[in-house]
Structures are given as C-alpha cells and as structure tokens.
Amino acid sequence: MKIKMTFPDSFALLSSRIISTFLTRRNFLCSSAGRFHMDIKDEARSTMEVVNVPPIISIYRQALHTFDNKFKKDLSTNLGKLKGMMDRLKAENFSFDHTLDDPATWKKPNKAPCTYIEVFQNSLVNMSIFVLKPGFRMPLHDHPHMYGLLKVISGAVRIRSFTEYPVTESINAFDFAIRVKHEAARLTQGIHKRRRFFAKISQDNICQEDSQTCVLTPTISNYHEIEALNMPAAFFDILSPPYDTLIEEVGPRRCRYYYVANEISTNVVELQETSVPECFYCDQAPYLGPVLV
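Residues numbered from 1 in each chain as written. Predicted model: local features only at pLDDT ≥ 70, side-chain atom pairs only at ≥ 80, totals over all residues. Heavy atoms only, no water.

An unreviewed UniProt entry annotates the chain as (African queen) hypothetical protein of Danaus chrysippus.

Here it is as structure tokens:
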C-alpha cells in the first residue's frame, strides 16, 4: 500500500535527514579531531619519555646491545655510538657523592687510596666508577681480550696506555685462537711464567671532565695506568667481557700488573709482569644513580 505524503510532511522528512547527516558528520569530525589530538599528545608523551630517559640508562642499554654477540658484526658502529653517548656524561648523571671530591675525605685514617662503586655487572659487561685520591696512581694493568671505555667525570687524571708491539690494528678469529693457545701454554708451565714483552705508548694524556671517552680494545691500548693529579678524580668505566669471565682453553680473565723494565725509544718500552702492588687496594661506596632497567 502506498502512502501519499503531503508537502509539509516531505519537507519535514528531508529536513530531519539533513540535520541527522550534519550531526553525524559533526560527531565524526569531532571524534577524528579528538583522536588526532590524542595522537599528538601520545607522540609528544613518547618523545618526552625518550628525552627524559637518564643518560646512564641509555648508555646501559646501548652497552648491552653493543656487546651482545648477536650484533657482533656491527660492533665497530655500536662501539662508536656508545663512546659518543659517554662523551656527554657528567657526575650528576650518577648522583655522584661529592664528598668524594673533598681532599679531606682522603686524609681520614685507614682510607683506601681508591674507592670502587659498582654500577652494574652481568656476564656481558661491568659498569663501575673508580675514585682516586690526589696523587694516587692506579698501577699499570691489562684487560685480557676485553674492550673498555673510560670517561672522567670529576677531577683530572693522566692516562698512559700501551699497545703490544708490533702494533696489530685488528685481530681475526685465527690470530685470536693462536694467542689463546699461547696463553694457555704459558699458564700451564707449572709455576706461573710472568710475561715480558715490547709495547708502544699509544696514549699519554691528561683527561678531565670535558675530555672525550678513552677506548681500549683486545689489541689496542690494552695496558694502561691512571694517575689522579692534585685533586681527587673519578672516572666511569665499562668493560666487556668483565674480569673473571672465562676465556676458552685458558680460564678466567685475570687482571695482571706490569712495570716498565726498559725504555727502548721515546715511544717503545719493554713491560715486565709483576705481582699486585701492595699500595693498590679499594674500599667501596654505594651507587646512588638511577636504577638501570
């Protein structure tokens, strides 16, 4: 059955459809605008969260990425990125205890010449802070098959680094295996045979808070000594792998100490392995910075 509509009825129906369509579109536009503004807010919040990540947490995450074997083909690139991030580090990024900057602290009876602050450690990396009393020199030592980054965050130090001579710019898997076998043979000779070898001075610089990060590799600048100048000095350190982790066929990575036995030329010396110097011992202080997650 057909129903005839009068003109007023048709006009009223058309008007209601126009109004309904208008309201629907307006609600859609308002909803879209709301979502757009929410997206902008979420993006801003996300950016803010990235900006507000404490530097030490960003460095911690980058260090785990850099030394993860899954990314070893990109080690050089990631190591450069990690160094660049550390270059900007300041003492306040660690909530550093500035009483350790006070020379009076180091004059207290029985105070160790070095304070160790563990920031983080697992089987992949060790992150720590060392604070040296004025004039104290951390003895010349090695980092067996390790990478390291060192950034001064307070005071100033003199860093003298050595590279085994002749200099090997890089080491491949075959060369590494030869070195490991040689090391294993040396350590299994009954009585520990102390090393004596030539080394080239690869760095002899004063580093302070605004200095760039120093980098060592398994073959370059792998031996160094660090001396605080006339004020207490602190530096942040990343090592990978940490000391005491296993070297296949050799055993735990042990820190060994050396002295310059002979100066061959202005930049080449002969190093002799020695016992742990009695003057070198540490006390500990707590890490006060952001929780690493």
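Q: Describe the pattern of salt bridges, listing the residues and the values that go with them.
A: Evaluated as defined, the whole model comprises 10 salt bridges. One salt bridge connects K73 with D74, and the closest N-O pair in it is separated by 3.8 Å. By relative accessible area, which is 72% here, K73 ends up exposed. R137 is the partner of E225 in a salt bridge, and the nearest nitrogen-oxygen pair spans 4.0 Å. One end of the pair, E225, is in strand β8 (residues 223-228); the other, R137, is in strand β3 (residues 137-142), and 88 residues separate them in sequence. Relative accessible area serves as the criterion here: at 44%, R137 is assigned to the partly exposed category. Within the structure, one salt-bridge network assembled from shared partners comprises R137, R160 and E225. (Salt bridge = Lys/Arg side-chain N within 4 Å of Asp/Glu carboxyl O. Buried < 20%, exposed > 50% of the residue type's maximum accessible area, 1.4 Å probe, protein only. Helix = DSSP H or I, 4+ residues; strand = E, 2+ residues; numbered from the N terminus.)

Q: Kindly report on helix α2 (residues 55-66), identifying the contributing residues and their values.
A: Its 12 residues give α2 an end-to-end C-alpha distance of 16 Å, which sits within 8% of 16 Å, the value for a rise of 1.5 Å per residue. Buried residues in α2 make contact with α3 (75-86), β1 (114-121), β2 (126-132) and β9 (233-240). (Expected span 1.5 Å × (residues − 1). Contact = heavy atoms within 4.5 Å.)

Q: Could you give an account of the packing of aromatic side chains, naming the residues involved and the relevant values?
A: Tallied over the full model, the rule gives 10 aromatic pairs. With a centroid separation of 6.1 Å and an interplanar angle of 40 degrees, the aromatic rings of F67 and Y147 are classed as tilted. On the criterion of sequence distance, the pair formed by F67 in the loop between α2 and α3 and Y147 in strand β4 (residues 147-154) is long-range, its members being 80 residues apart. On the basis of relative accessible area, F67 is assigned to the buried category, the value being 8%. What links up through ring pairs into an aromatic cluster is the set Y116, F130 and F235. Over the ring of W106 we find K111; its NZ or CZ atom is 4.0 Å from the centre of that ring. (Phe/Tyr/Trp six-rings, centres within 6.5 Å; stacked < 30°, edge-to-face > 60°. Lys NZ or Arg CZ within 6 Å of the ring centre and 35° of its normal.)

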